[in-house]
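An overview of the molecular structure
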Amino acid sequence: SLQIPPDYMSKMYFDEVYFARATENYVNHQIPDERTHPPLGKLIQATGIIAFGDTPFGWRIMGVLFATLMIPLMYLLGKKLFGTWIGGFSAAFLMTFDFMHFTMARIGTVDTYVVFFSLLSQLFFLIYFMNVVKSGWKKTSILPLFLAMIFFALGFSTKWFTIFGALGMLALLLAVRLKDVSKLKGNLGDKYVAIFNYPVVLFLGFVGLAALIYFLTYIPDMLAGDSFPTILNLQSAMFSFHAGTVTDPSSSPWWTWPFMFGINS
């Protein structure tokens, strides 16, 4: 039925005009209009439309589900980090009543999915990292690191900014590795070679698996008519967009963000 004036109950609003429309494209086996981010978030969102129809509820329900799952996930992360249920409860409580979490959970965009995958990646990395510090590299199962990389790949296949968290985790591993190698006997060359011993080769394999997962999410695009070289060229276009060669007149310089005020570019 016609609703006057139209509002969020019947129409797309905010960035839904990009992501929900791209999701509709995927449901209709079309190349999406929005291509500034990888496909996975929109593919997840498409399951809501397939299940509940091309309606605001269909656009938004998957985000609500993922945001709900984020609460117990935050509990597990907080408990693992602080070692007590109080730490887990505090983290989950703060997430539950965080206004940004609540706001993004009800909007048909992909941000909720990427945060969910990032938290899962960080949880498994924390398990691996704490075991390495406690028991050493060779006595620690590689499975948590493998799972951390899988969920990083899923997050990266939704939005690229998960790379910053991954770089932080890599820096922690490298710091521990350098500390262990510094204790080894031998000359500087021997210590340099030791840095690349177990589990570096396995880790590089995980990176290759993450790249494979990333490009597998583009299968619907290729089924809709894109070639693989087109997908590769799209990555360069996406990087150029986010690097700032494409500007928005309403954007502000990065240094103004911590101060919560804007200066138009």
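Residues numbered from 1 in each chain as written. Predicted model: local features only at pLDDT ≥ 70, side-chain atom pairs only at ≥ 80, totals over all residues. Heavy atoms only, no water.

**A closer look at the overall build of the protein chain**
Helix and strand counts for the protein chain come out as twelve helices and zero strands. Along the chain direction, N to C, the helices and strands of the protein chain fall in the order α-α-α-α-α-α-α-α-α-α-α-α. Counting all 265 residues of the protein chain, 40% fall into the buried class. When the accessible area of the protein chain is evaluated, it comes to approximately 15600 Å², of which 72% is carbon and sulfur surface. (Helix = DSSP H or I, 4+ residues; strand = E, 2+ residues; numbered from the N terminus. Buried < 20%, exposed > 50% of the residue type's maximum accessible area, 1.4 Å probe, protein only. Areas by Shrake-Rupley, 256 points an atom, 1.4 Å probe, with all protein chains shown as cover.)

**Concerning the environment of G78**
Within the secondary structure layout, G78 lies in helix 3 (residues 56-82). Exposure remark for G78: the relative accessible area of 4% places this residue in the buried category. Along the backbone, G78 and A91 are 13 residues apart, and their C-alpha atoms lie at a distance of 5.5 Å.

**Points about the packing of helix 7 (residues 143-156) against helix 8 (residues 162-182)**
Packing of helix 7 against helix 8 leaves a shortest axis separation of 9 Å and a crossing angle of 155 degrees. Judged on the interaxial angle alone, helix 8 and helix 7 are roughly antiparallel. For the pair helix 7 and helix 8, the contacting residues are L145, F152, G155 and F156 in the first and T162, I163, A166 and L173 in the second. Here the residues of the contact of helix 7 with helix 8 are counted per class, giving six nonpolar, two polar and no charged. (Axes fitted to C-alpha atoms, helices over the stretch in contact; angles between N-to-C directions. Parallel < 35°, antiparallel > 145°, perpendicular 65-115°, else oblique. Contact = heavy atoms within 4.5 Å. Nonpolar A, V, L, I, M, F, W, Y, C, P; charged D, E, K, R; others polar.)

**Considerations on the packing of aromatic side chains**
Evaluated as defined, the whole model comprises 17 aromatic pairs. The structure contains a cluster of three or more aromatic residues connected by ring pairs, namely F152, F156, W160, Y214, F215, Y218 and F228. (Phe/Tyr/Trp six-rings, centres within 6.5 Å; stacked < 30°, edge-to-face > 60°.)

**Description of the pattern of salt bridges**
Here the structure, examined in full by the defined rule, presents five salt bridges. A salt bridge links K42 to E34; the nearest nitrogen and oxygen atoms lie 2.5 Å apart. Neither residue differs from the other here; K42 and E34 are each classed as buried. K159 is the partner of D111 in a salt bridge, and the nearest nitrogen-oxygen pair spans 2.8 Å. (Salt bridge = Lys/Arg side-chain N within 4 Å of Asp/Glu carboxyl O.)

**Here we look at the packing of helix 2 (residues 40-52) against helix 3**
The description of two helices packed together rests on the angle between their axes and the distance between the axes. Two numbers describe how helix 2 lies on helix 3: the axes approach to 7 Å, and their chain directions differ by 125 degrees. In terms of orientation, helix 2 lies oblique with respect to helix 3. Considering how the two elements wind past one another, helix 2 and helix 3 form a crossing that is right-handed. Two secondary-structure elements touch here, helix 2 through I44, Q45, T47, G48, I49 and F52 and helix 3 through F57, G58, W59, I61, M62 and F66. Of the residues assigned to the contact of helix 2 with helix 3, the class counts are eight nonpolar, four polar and no charged. (Left-handed = near helix turned anticlockwise from the far one by under 90°.)

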